[in-house]
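Per-entry structural report
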Amino acid sequence: QQPVQSPQAVILREGEDAVINCSSSKALYSVHWYRQKHGEAPVFLMILLKGGEQKGHEKISASFNEKKQQSSLYLTASQLSYSGTYFCGTGGSARQLTFGSGTQLTVLP
Amino acid sequence: DAGVTQSPTHLIKTRGQQVTLRCSPKSGHDTVSWYQQALGQGPQFIFQYYEEEERQRGNFPDRFSGHQFPNYSSELNVNALLLGDSALYLCASSLGHEKLFFGSGTQLSVL
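Below is a summary of the structure that appears in this document. The shown structure was predicted, so the numbers you read here are calculated from the model rather than taken from an experiment.

Parameters at a glance
- Residue indices begin from 1 for each chain and proceed along its sequence in written order.
- Chains and ligands are labelled sequentially in the order written, the chains with letters from A and the ligands with numbers from 1.
- Where totals are concerned, whole chains, interfaces and linings use all residues; where local detail is concerned, this predicted model gives features only for residues with pLDDT of at least 70, and gives and counts side-chain atom pairs only at 80 or more.
- As a rule here, side-chain values cover all heavy atoms of the structure and leave hydrogens and water aside.
- A 1.4 Å probe rolled over the protein chains alone gives each residue an accessible area, and that area as a share of the maximum for its type sets the label: buried under 20%, exposed over 50%, partly exposed in between.
- Only DSSP runs of H or I with at least four residues qualify as helices, and only runs of E with at least two residues qualify as strands; both kinds are numbered from the N terminus onward.
- Think of it this way: DSSP has to see at least two bridges between two strands before they count as a pair.
- Only heavy atoms enter the contact rule, under which two residues are in contact if any of them lie within 4.5 Å.
- In this description, buried area is defined as the sum, over both parts, of the accessible area (probe of 1.4 Å) that is lost when the two are combined.
- Polar contacts, as counted here, are pairs of nitrogen or oxygen atoms within 3.5 Å of one another; within protein the pair requires one atom able to donate a hydrogen and one able to accept it, and residues that are adjacent in sequence qualify only if both atoms are side-chain atoms.
- Any residue that is not Ala, Val, Leu, Ile, Met, Phe, Trp, Tyr, Cys, Pro, Asp, Glu, Lys or Arg is counted as polar, Gly included; the first ten are nonpolar and the last four charged.
- The definition used for a disulfide is geometric: two cysteine sulfur atoms within 2.5 Å.
- Aromatic rings from Phe, Tyr and Trp, with only the six-membered ring used for Trp, were paired whenever their centres fell within 6.5 Å, and each pair was classed as stacked if the ring planes differed by under 30 degrees, edge-to-face if by over 60, and tilted otherwise.
- Each ring is checked for a lysine NZ or an arginine CZ that lies within 6 Å of its centre and within 35 degrees of its normal; such an atom marks a charge sitting over the ring.

1. Side note on the pairing of strand β3 (residues 18-23) of chain A
All names here are of chain A. Burial along β3 is one-sided: the residues Ala18, Ile20 and Cys22 are buried and none of Val19, Asn21 and Ser23 is. Relative to strand β8 (residues 70-75), β3 is paired through six bridges, and the arrangement is antiparallel. Across the sheet, the residue bridging to Val19 is Tyr74, located in β8.

What follows is the structure in structure tokens.
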């Protein structure tokens with residue numbers, strides 16, 4: 001079952017904050033976050049593991065609510081370079097990830 | 001250190017033809033996964049190779065097959081191409097079950 005991401009798109013100004021949500025109908029073992037810029041490869045941002053362990057990016061934070069089967073990605077003080085499409089992927093480690101449809105983030109100067 | 005490299009970058013085929021896509025993983029990585037990404041969608045898992053064997057497979061027909069070589073590089077083969085196979089095909093490598101490193105992909109167009 002594909003995770004559901006919200007919002008589908010968000011536009012903000014440089015310096016503003018954004019939250020991207022990822023929900024699953026299945027119990028989650030881990031949530032992976034990737035960012036993909038147009039015409040480029042997806043780039044790893046964060047892994048959140050059941051039990052609270054978090055591995056990833058210094059300037060981006062995330063939460064993982066196992067009971068609600070949800071994860072949220074927090075982008076604070078957005079920079080122009082944050083623009084891109086953000087995907088959450090769910091599954092057991094990186095063995096087989098099921099990605100959501102993505103959230104398109106546009107940061108304007 | 002070279003990352004994940006894929007070839008070719010673009011490919012145009014006609015219905016019914018066969019295609020082979022190639023992937024060289026990041027140095028030191030032993031696991032290769034293949035994903036299909038339709039326009040405006042997230043990547044969809046095709047299969048994963050480790051120690052030259054297919055370890056996991058997504059919901060794709062047998063027309064999709066693959067191979068991993070002793071040097072960890074991999075190929076994705078698609079037979080009897082359909083119009084719906086048009087997509088960006090992404091290869092991702094990893095060491096064990098940690099984060100994925102994606103290549104820039106092969107854009108396949110089926111006419």
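2. Description of the interface of chain A and chain B
The partner chain B presents 20 residues to the 17 residues of chain A that form the contact. Buried surface at the junction of chain A and chain B, both sides included, amounts to about 1,600 Å², of which 53% is carbon and sulfur. Put simply, chain A and chain B have four residue pairs in polar contact (both at pLDDT 80 or more) between them. Those elements that provide at least two residues to the side of chain A that touches chain B are β4 (30-36) and β5 (43-49) of chain A. Grouping the constituent residues of the side of chain A that touches chain B by class yields nine nonpolar, six polar and two charged.

3. Concerning the state of the cysteines
Per the stated rule, a full pass over the model turns up two disulfides over all chains. The residue that forms a disulfide with Cys22 of chain A is Cys88 of chain A, at a sulfur-sulfur distance of 2.1 Å. Looking along the S-S bond of the Cys22 of chain A-Cys88 of chain A disulfide, the torsion reads about 75°, which is the right-handed sense. In this pair, Cys22 of chain A sits in strand β3 while Cys88 of chain A sits in strand β9 (residues 84-91), placing the two residues 66 residues apart along the sequence. With a sulfur-sulfur separation of 1.8 Å, Cys23 of chain B is cross-linked through a disulfide to Cys91 of chain B. Because the torsion about its S-S bond is -60°, the bridge between Cys23 of chain B and Cys91 of chain B counts as left-handed. Of this pair, Cys23 of chain B sits in strand β3 (residues 19-24) while Cys91 of chain B sits in strand β9 (residues 87-94), and the two are 68 residues apart along the sequence. Since its relative accessible area comes to 3%, Cys23 of chain B is described here as buried.

4. Structural notes on the packing of aromatic side chains
One pass over the structure, following the stated rule, counts ten aromatic pairs over all chains. Between Tyr34 of chain A and Phe44 of chain A, the aromatic rings sit 5.7 Å apart at their centres with planes inclined by 70°, giving edge-to-face as the arrangement. One end of the pair, Tyr34 of chain A, is in strand β4; the other, Phe44 of chain A, is in strand β5, with ten residues separating them in the sequence. With relative accessibility at 16%, the residue Phe44 of chain A sits in the buried group. Each ring, one from Tyr34 of chain A and one from Phe102 of chain B, has its centre 5.5 Å from the other, and the planes form 90°; the classification is edge-to-face. Here Tyr34 of chain A is found in strand β4, whereas its partner Phe102 of chain B is found in strand β10 (residues 101-102) on a different chain. In this structure, Tyr34 of chain A and Phe102 of chain B share a single accessibility class: buried. Taken together, the aromatic side chains of Tyr34, Phe44, Phe87 and Phe99 of chain A together with Tyr35, Phe45 and Phe102 of chain B make up a single cluster linked through ring pairs. Here the guanidinium or amino end of Lys26 of chain B rests over the ring plane of Phe101 of chain B, the centre of that ring lying 5.2 Å away.

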